[in-house]
Amino acid sequence: MTAQDHPPESPPPGKAVALGPGLRRIVAPNPSAMTLWGTNTYLLGDRDIAVIDPGPDRPAHLRAILDALAPGQRITHILVTHAHLDHSPLARQLAAATGAPVMAYGAAKAGRSAVMERLAEEGLAGGGEGVDAGFAPDLTLADGAIVEGAGWRLEALHTPGHFGNHLCFAWGDTLFTGDLVMGWATSLVSPPDGDLTDFMASCERLARRDWAVLHPGHGAPVTEPRARIDWLIAHRRSREAQILAALAEAPGSAEDLARRIYVETPPALLPAAARNVFAHLVDLTGRGAVRPERTLAAKDIFHAL
């Protein structure tokens, strides 16, 4: 987080707030250290309504979404950025209530790289928000797919990194970024669900387009998109440099490196730091910059090359 990115005052949950013509936001009642004030559910359109990220399985949030519909409005599309428990579970109940199809890149395991699939098969479990393991959309959206309703048009962008089946949705020069890019915090990248190689590629892809504003899955709109994306890339490159410098001094596991690098981090947060370091080690191994002694695993000892 940078100085200009301190989160603003929390908005009231359950209230549809206009963000601009044809766009409203409802905050789900699930605040936490991982979600800030809660999950942002977006309602796009004036007649045919697209719901982006219906959010967690909370009956009050379902009622808030349905109550936000004005006379003549109907929910025609339910779009999910990714299958984390704070973004996708309410999709099925909302579909049952409205008849709208659930649309996403794929099921919870879709979009994983071969490396992450192997780590998962070897028993590595993800950390963070938790996976909506049973999630499956009614309709899948390939990269570049177009979704349209009365008065709006969205382009689906497959942007893995935070999660394998992660999509961003472009509405002209406005981008709904899910958990890939947020203004109040860096995105969690926790293998095998998160893949740092994919994360960097997704950020670099977004940096090649000019965006007016980003609407993230949590927190306030990002009004300086290029600066924020550039900062996220630079932040990850800086962490990578720290890891390589530590390995140049002595080999180490992800946990050992986390203790050496995150010297001011409370002990309770070191496991999360170690997962972040391991995400970098997987990426660096794939690029031939480091190597594990035996196998690609968080507890193995890594060496600089």
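Just so we're clear, the structure is a prediction, and the values are computed from it rather than from any experiment. (Residues numbered from 1 in each chain as written. Predicted model: local features only at pLDDT ≥ 70, side-chain atom pairs only at ≥ 80, totals over all residues. Heavy atoms only, no water.)

Engineer: What am I meant to see in the pattern of salt bridges here?
Structural biologist: Any two side chains of opposite charge can pair, given that their charged atoms come close. Inspection of every chain in the model, using the stated rule, returns 19 salt bridges. When the shortest N-O distance is used, the salt bridge between arginine 259 and aspartate 256 registers 3.7 Å. With arginine 259 and aspartate 256 both in helix α6 (residues 254-261), this residue pair falls three residues apart, about one helical turn. Connected through salt bridges with shared partners, the residues Glu204, Arg237, Glu240, Asp283 and Arg287 form a single ionic network. (Salt bridge = Lys/Arg side-chain N within 4 Å of Asp/Glu carboxyl O. Helix = DSSP H or I, 4+ residues; strand = E, 2+ residues; numbered from the N terminus.)

Engineer: What's the story with the state of the cysteines in this structure? I'm lost.
Structural biologist: Tallied over the full model, the rule gives zero disulfides. Free cysteine cysteine 168: the closest other cysteine sulfur is in cysteine 203, separated by 8.9 Å. (Disulfide = S-S within 2.5 Å.)

Engineer: Looking at this structure, I do not really get the side chain of aspartate 300. What am I missing?
Structural biologist: Looking at where aspartate 300 falls in the secondary structure, it is placed in the loop between β13 (290-292) and β14 (302-304). Of the polar contacts made by the side chain of aspartate 300, one reaches the backbone nitrogen of glutamate 293; its length is 3.5 Å. Of note is the side chain of aspartate 300, whose polar atom sits 2.7 Å from the backbone nitrogen of threonine 295. The contacts of aspartate 300, once residues within four sequence positions are left out, are Gly252, Ser253, Ala254, Pro292, Glu293, Arg294 and Thr295. (Polar contact = N/O pair within 3.5 Å; in protein donor to acceptor, adjacent residues only side chain to side chain. Contact = heavy atoms within 4.5 Å.)

Engineer: Explain the nonpolar core here, please?
Structural biologist: Most often, soluble globular proteins keep nonpolar side chains buried together rather than apart. Residues Val51, Ile65, Ile75, Ile78, Leu94 and Val102 are the most contacted members of the largest nonpolar core, which totals 22 residues. At the level of secondary structure, the elements contributing two or more residues to this core comprise β4 (48-52), α1 (59-67), β5 (74-79), α2 (90-98) and β6 (102-104). Considering each element in turn, this core owes the most residues, four residues, to α2. Grouped together as the second largest cluster of nonpolar side chains are 21 residues, Leu247, Leu257, Ile261 and Ala273 included. (Core = buried A, V, L, I, M, F, W, Y, C linked by side-chain atoms within 4.5 Å. Buried < 20%, exposed > 50% of the residue type's maximum accessible area, 1.4 Å probe, protein only.)

Engineer: Before we go on, may I ask you to explain the packing of helix α5 (residues 225-249) against α6 in this structure?
Structural biologist: To describe two helices that pack against each other, one gives the angle between their axes and the distance between the axes. As a packed pair, α5 and α6 sit with axes 10 Å apart at the nearest point and diverge in direction by 105°. With respect to their mutual orientation, α5 and α6 come out roughly perpendicular. Note on element contacts: α6 touches α5 through Leu257, Arg260 and Ile261, opposite Arg239, Gln242, Ile243, Ala246, Leu247 and Glu249. For the contact of α5 with α6, the class distribution of residues is five nonpolar, one polar and three charged. (Axes fitted to C-alpha atoms, helices over the stretch in contact; angles between N-to-C directions. Parallel < 35°, antiparallel > 145°, perpendicular 65-115°, else oblique. Nonpolar A, V, L, I, M, F, W, Y, C, P; charged D, E, K, R; others polar.)

Engineer: Help me out: how do you make sense of the packing of aromatic side chains in this one?
Structural biologist: Each pair of aromatic rings is reported with the distance of its centres and the angle of its planes. For the structure shown, the criterion picks out two aromatic pairs. Between tryptophan 171 and phenylalanine 176 the ring centres are 6.4 Å apart and the planes differ by 20°, which places this aromatic pair in the stacked class. Look at tryptophan 171 and you get partly exposed, because its relative accessible area is 23%. Grouping aromatic residues by their ring pairs yields a cluster made of Tyr42, Trp171 and Phe176. (Phe/Tyr/Trp six-rings, centres within 6.5 Å; stacked < 30°, edge-to-face > 60°.)

Engineer: Explain helix α7 (residues 270-286) here, please?
Structural biologist: An α-helical turn contains 3.6 residues, so a residue and the one three or four places further along point in the same direction. The end-to-end C-alpha distance of α7 is 24 Å, a good match for the 24 Å that 17 residues give at a rise of 1.5 Å each. Of all 17 residues making up α7, 12 are buried, and the element is well covered by its neighbours. Considered for burial, the residues of α7 that qualify are Leu270, Ala273, Ala274, Asn276, Val277, Phe278, Ala279, His280, Leu281, Val282, Asp283 and Leu284. Count one or two residues on from α7 and you reach glycine 288, which has phi positive near 75°. (Expected span 1.5 Å × (residues − 1).)

Engineer: Is there a simple way to think about the packing of α6 against α7 in this case?
Structural biologist: Two elements in contact, α6 and α7, have axes whose closest approach is 8 Å; the angle formed by their N-to-C orientations is 110°. Classified by the angle between their axes, α6 and α7 sit roughly perpendicular to one another. Along this stretch, α6 crosses α7, giving a crossing that reads as right-handed. Between α6 and α7, the contacting residues are Ala254, Glu255, Leu257, Ala258 and Arg259 on the first element and Leu270, Ala273, Ala274, Val277, Phe278 and Leu281 on the second. (Left-handed = near helix turned anticlockwise from the far one by under 90°.)

Engineer: Help me understand unusual backbone geometry, please; the structure alone is not making it clear to me.
Structural biologist: Negative phi is the rule for most residues except glycine; trans is the rule for most peptide bonds. Omega for the bond connecting proline 191 with proline 192 falls within 30 degrees of zero, at 5°, which places this linkage in the cis form. Looking at the secondary structure, you find proline 192 in the loop between β11 (174-178) and α4 (196-207). Even without being glycine, leucine 36 reaches a positive phi, approximately 60°. In this fold, leucine 36 is placed in the loop between β2 (23-27) and β3 (40-44). For aspartate 53, which is not glycine, the phi torsion reads 60° and is therefore positive. In this fold, aspartate 53 is placed in the loop between β4 and α1.

In short, shape yes, function no, at least from these values alone.
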